[in-house]
Amino acid sequence: MATLPAANAASPENKVRVVIGAQWGDEGKGKLADILAADSDICARCAGGNNAGHTIVVDMPQPNGEKKKTMFDFHLLPSGLVNPKCVGFIGAGVVVHLPSFFAELDTLQKKGLDCDGRLFVSDRAHLVFDFHQVVDGLKEVELGGSSIGTTKKGIGPAYSSKASRSGLRIHHLYDIDAFAIKFRKLVEGRFKRYGHFEYDTEGEIARYKAFAEKLKPHIVDGITFIHKALASNKRILVEGANALMLDLDYGTYPFVTSSSTSIGGVCTGLGIPPRCIGETIGVVKAYTTRVGAGPFPTEQLNNIGKHLQEVGREFGVTTGRRRRCGWLDLVVLRYSALINGYTALNLTKLDILDDLEELMVAVGYELDGKPLENFPADLDLLSRVSVRYVTLPGWKSSIIDVRKYEDLPENCKRYIEFAEDFIGVRIRFIGVGPGREAMITR
Ligand SMILES: Nc1nc2c(ncn2[C@@H]2O[C@H](COP(=O)(O)OP(=O)(O)OP(=O)(O)O)[C@@H](O)[C@H]2O)c(=O)[nH]1
Ligand SMILES: O=P(O)(O)OC[C@H]1O[C@@H](n2cnc3c(O)ncnc32)[C@H](O)[C@@H]1O
Ligand SMILES: N[C@@H](CC(=O)O)C(=O)O
Ligand SMILES: [Mg+2]
């Protein structure tokens, strides 16, 4: 009997739901993924690695029956794991740093989340090794003034190993002698390219031999796993990492990450066809942030930027770096919506704009006095654009306790509706605070 389900075994109605970043990351995907995980059986990661940083704030039940506000930081593991009934899955498109995988898992267990038997990883996922992280740092130094500002988690070097067909995948761990030969060759190659650096190659091989044992209960054939889940009508939620403007093809290259962070990465990263994708929810911060180098047309290097950074507590969850801040860029969002085909949007951190007198939103770019029709591929052009803004009045009151759309201040609704009309996609969820409960659903 065949073990894989037949291609048409899944009911056409059972489609995966996708939560995906529409800007330069840190839009608050983790919070929405956590909320949607309540009615999902599986929460899957399809791309990226532990460069991502999702923060989730929930009231956790305590042994004494009380609830305690608890903050979770997810990097490599899917945020849906906060829901005790949700199974986590890491697809083949993700690059996995095993020490971080186990450290994150340990932290979750210590915070009271039992993940036994509900975290699985595809045997086709590539491994990120510590030497990839060293090389990430060395590459940045080599780039000098034009460095990317990576998270130094080894993401680019690991995807480079994968693309150059010398990478090691999880299944390689189970023939340790062959693994050791390939691993030594990989490290030697890095020494040749970057000069010798401190690295205990043999110690690392021994460490991975131990990891291989520890990882066994988590490993699955990802294709069997996801297609059996589809065929048995499991509700699957995909949690995007990073965001469209950091996509290797469509982001502000080379100031991007090294994976496909767009909707295409959902198909390639999980091994599912496009027809299995249903709702695609784009997560949009009510202003714009970016961490790391690269163009950012609406960046505000002034008191507005400072206000957004401070009030929004815009610090990287992975590296602690201060995030750059600026006005909402609707040009970026129209571009992003074309590529990802959002069926709905989640506007987040709207409460951070509460105190501002006036709000500006970018509605066009001009180059040499002429309107630009597109989002330019050429970063030299992008760096020369002047931004056309529309100014909207602020609402100057706190919205953090509002739970119904009708109860939002008029100017706040105007801001939401202006963005929605311009992008052409319905804003269905509105974040008004960091907590799980601080979300308005329309
Ligand atoms: N005040 C406020 N904070 C929010 C809201 N939604 C999310 N947050 C917080 O905003 C931050 C969002 O950043 P991240 O957690 O890095 O977002 P992410 O999209 O999951 O991150 P990446 O995968 O790294 O791109 C977190 O600290 C959230 O707790 C909101 O509506 N209001
Ligand atoms: O992915 P790496 O190579 O570490 O960094 C490249 C580029 O992408 C930015 N970035 C990566 N992950 C995130 C994330 O989760 N949120 C925001 N920005 C991210 C990084 O800062 C570099 O600019
Ligand atoms: N993923 C990160 C990037 C960083 O920490 O630099 C963030 O949450 O901002
Ligand atoms: Mg983040």
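Our subject is the structure that appears above.
What comes next is a walk through the structure. Quick caveat: nothing in here was measured; it's all calculated off a predicted structure.

### Structural notes on the overall build of the protein chain
Item 1. The helix and strand tally for the protein chain stands at 12 helices and 20 strands.
Item 2. Rg of the C-alpha trace for the protein chain: 22 Å, near the compact-globule value of 22 Å for 442 residues, within the 12% margin.
Item 3. In terms of overall dimensions, the protein chain has C-alpha extents of about 65 × 50 × 45 Å along its principal axes.
Item 4. For the protein chain, buried positions account for 55% of its 442 residues.
Item 5. Counting contacts in the protein chain only where the partners sit at least 6 residues apart, residues at least 24 apart contribute 75% of the total.
Item 6. Considering the protein chain, the positive charge centre built from 55 side chains and the negative charge centre built from 53 side chains are found 3 Å apart.

### So, helix 4 (residues 155-163)
Item 1. Listed as buried for helix 4 are I155, G156, P157, A158, Y159 and S161.
Item 2. Close packing links the buried residues of helix 4 with strand 6 (95-96), strand 8 (126-127), helix 3 (130-143) and helix 5 (176-194).
Item 3. With its phi angle positive at about 65°, R165 sits one or two positions after the end of helix 4.

### Brief notes about the site of ligand 3
Item 1. In the vicinity of ligand 3, the residues found are D26, N51, A52, G53, V291, G316, V317, T318, T319, R321 and R323.
Item 2. Note that an oxygen atom of ligand 3 is positioned 2.8 Å from one of the side-chain N or O atoms of D26.
Item 3. Measuring from an oxygen atom of ligand 3, one finds a side-chain N or O atom of R321 at 2.9 Å.
Item 4. Its free accessible area being 260 Å², ligand 3 has 95% of it covered by the protein chains.

### Points about the environment of L359
Item 1. Along the polypeptide, L359 turns up in strand 16 (residues 358-367).
Item 2. Separated by 56 residues in the primary sequence, L359 and Y415 have C-alpha atoms spaced 8.4 Å apart.

Calculation criteria
Residues numbered from 1 in each chain as written. Chains lettered and ligands numbered in written order. Predicted model: local features only at pLDDT ≥ 70, side-chain atom pairs only at ≥ 80, totals over all residues. Heavy atoms only, no water. Helix = DSSP H or I, 4+ residues; strand = E, 2+ residues; numbered from the N terminus. Rg over C-alpha atoms; globule rule 2.2 N^0.38 Å. Buried < 20%, exposed > 50% of the residue type's maximum accessible area, 1.4 Å probe, protein only. Contact = heavy atoms within 4.5 Å. Lys, Arg positive; Asp, Glu negative; His and termini not counted. Charge placed at Lys NZ, Arg CZ, Asp CG, Glu CD. Near = heavy atom within 4 Å. Polar contact = N/O pair within 3.5 Å; in protein donor to acceptor, adjacent residues only side chain to side chain. Areas by Shrake-Rupley, 256 points an atom, 1.4 Å probe, with all protein chains shown as cover.

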